Amino acid sequence: MSTWQLQEPVVEQPRPITSPVRVRTEWEPLREVIVGIVDDMRVPEWDPSVRAVVPRHGREPLTAWAGRRFPPELVSLARREVDGLADFLERQGVVVRRPDPVDHHRPVVTPHFAAGGGFHSAMPRDSLFAIDDVVLETPMAWRSRYFETFAFRSVLRDYFERGARWEAAPKPQLRDDLWRDDRIGEFAAFDPVIGEDEPLFDAADFVRIGDGVVVGQLSHVTNRAGVRWLQRHLGPECTVLAYVFDDDGPMHIDTTLLPMGEGRVLVNEAWVSRLPDVFAGWEVLVPPPSQLSLTHPLYYTSRWIHCNVLMLDEEHVLVEAEEAEFAAHLRKWGFEPIPLPFKHFQTFGGSFHCATLDVRRG
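Rules behind the numbers
Residues numbered from 1 in each chain as written. Predicted model: local features only at pLDDT ≥ 70, side-chain atom pairs only at ≥ 80, totals over all residues. Heavy atoms only, no water. UniProt positions renumbered as here; feature names shortened; annotations may be inferred. Helix = DSSP H or I, 4+ residues; strand = E, 2+ residues; numbered from the N terminus. Buried < 20%, exposed > 50% of the residue type's maximum accessible area, 1.4 Å probe, protein only. Contact = heavy atoms within 4.5 Å. Areas by Shrake-Rupley, 256 points an atom, 1.4 Å probe, with all protein chains shown as cover. Lys, Arg positive; Asp, Glu negative; His and termini not counted. Charge placed at Lys NZ, Arg CZ, Asp CG, Glu CD. Pairing = 2+ DSSP bridges. Axes fitted to C-alpha atoms, helices over the stretch in contact; angles between N-to-C directions. 1 Å grid on protein atoms, 1.4 Å probe; cavity = no way out; pocket = protein on both sides within 12 Å on 5 of 7 lines; lining within 4 Å. Points joined across faces, edges and corners; volume = space filled by probe spheres on them. Salt bridge = Lys/Arg side-chain N within 4 Å of Asp/Glu carboxyl O.

The name an unreviewed UniProt entry gives the protein is Amidinotransferase, with Saccharothrix xinjiangensis as the organism. According to the UniProt record, the Sequence similarities (unreviewed entry) comment for the protein reads "Belongs to the amidinotransferase family."

Next up, the structure:
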């Protein structure tokens, strides 16, 4: 016979007045950041979600390596650069947090799909969205990234215990019929590969411009349902705006446009023929083409990846060390570019903005 004992109810203690997560823009002075790690990275399966965004020059190697490890020499070079980034930021007095190593080669299994494994823990910008005192796990469209936030759980738990609001979007089912089977061939304009059956978005499809305004794009990983969910979840104190740009394979907004300061926005005119009205009156900064060697491997991204910069404050900006012409433009615009080597990290689809999640500014 069971005996039940009355216990004291669990009472939520008042949250601390201050939170370790406090961020409203992309440019206020950087105080704390999560920097990804390059561990035993895995090449995802070649499925519709991957095929829609990979540029032509990346298709042959990625199909050949699908489900396997990346070449170890490329991984080693990228690891050295992202660890160097973390060291540099710490020397500037920025608090740096890193995810825990995980085994990306363990199978990913849910009631609705199975995949051979994960991808990486290198780019917290994709799976986590931070605004105000909230850090939010996003509903990602790639099956290989389904459990990607687990590598960051110890960091998220610490933020929660110290007063941050740790939240998560509904976990998507990612059934086979999510991806449109009527979308075949090459396209001159954006035609999304994902349907609208469930909310989907990557955090890197959004940027923060202050006053609770979040600017985003529809892409092959972010759908209208995802934008609606984010707006409803953040509530009336925030405004979420989403646009369609001219890139036919969009995945993440931070090589298309990136706010760099109050009233100043970096715009890749190759993909933005019409600037969103929310930027009316802003100074438009148009970057030059990349100087990256044509032979340098970029499997998941275009050569516009050099636009993926990180603001330390409204003056100082991290830029890839070999992008001398871009750095010259930044100086002309009144910034102080800080060159760091990062082209080998770019091989895997991101740069300074992708490799980080700024959680506290100001």
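(A) Structural view of the overall build of the protein. From N to C terminus, the protein includes eight helices and 17 strands. Taking the principal axes of its C-alpha atoms as reference, the protein extends roughly 75 × 45 × 40 Å. Here the protein, with 362 residues, has 57% of them falling under the buried criterion. Considering only intrachain contacts with a sequence separation of at least 6, the fraction spanning at least 24 residues in the protein is 72%. Just so you have it, the protein exposes about 16,100 Å², and 51% of that area is on carbon and sulfur atoms. The protein carries 39 positive and 55 negative side-chain charges, and their two centres are separated by 2 Å.

(B) Quick look at the sheet that holds strand E11 (residues 257-261). Strand order in this open sheet of three strands is E11-E12-E13, and the pairing throughout is mixed. For this open sheet the edge positions go to E11 and strand E13 (283-285), each flanked by a neighbour on one side alone. When strand polarity is set aside, the average angle formed by the axes of neighbouring strands in this sheet is 30 degrees. Bridge count between E11 and strand E12 (residues 264-267): four bridges; the pairing is antiparallel. The partner of Gly261 across the bridge, within E12, is Arg264.

(C) Seen up close, the pairing of strand E1 (residues 30-35). Burial runs high along E1: five of the six residues are buried. Across five bridges, the pairing between E1 and strand E17 (residues 356-361) is antiparallel. By the bridge assignment for E17, Val33 is matched with Asp358. Sheet topology places E1 next to strand E2 (residues 95-97); three bridges connect them, and they run parallel. The residue of E2 that forms the bridge with Ile34 is Arg97.

(D) Highlighting the sheet that holds strand E10 (residues 239-243). Spatial ordering of the open sheet is given by E8-E9-E10, a layout of three strands whose pairing is mixed. One side of each edge strand has no neighbouring strand; the edge strands of this open sheet are strand E8 (206-208) and E10. On average, each strand axis in the sheet is tilted by 20 degrees relative to the strand beside it, whichever way the strands run. Two elements, strand E9 (residues 213-217) and E10, share five bridges in a ladder whose sense is parallel. Bridge pairing links Val214 to Val240 in E10. Against the sheet, helix H6 (residues 224-234) makes contact with E8 and E10, and its axis sits at roughly 170 degrees relative to E10, the strand it touches most.

(E) Geometry of the layout of surface pockets. A volume near 330 Å³ is recorded for the second largest pocket. Val102, Asp103, Arg106, Val108 and Phe147 are the residues nearest the centre of the second largest pocket, which is lined by 17 residues in total.

(F) Quick look at the pattern of salt bridges. Under the criterion given, the structure shown has 23 salt bridges. Across the pair Arg208 and Glu26 runs a salt bridge, and its minimum N-O distance is 3.1 Å. Of this pair, Arg208 sits in strand E8 while Glu26 sits in the segment before E1, and the two are 182 residues apart along the sequence. In this structure, Arg208 and Glu26 share a single accessibility class: buried. A salt bridge links Asp358 to Arg361, with the nearest nitrogen and oxygen atoms 2.6 Å apart. By relative accessible area, which is 0% here, Asp358 ends up buried. By relative accessible area, Arg361 is classed as buried at 5%. Several salt bridges converge on common partners, so that one network encompasses Glu26, Arg125, Arg208, Asp358 and Arg361.

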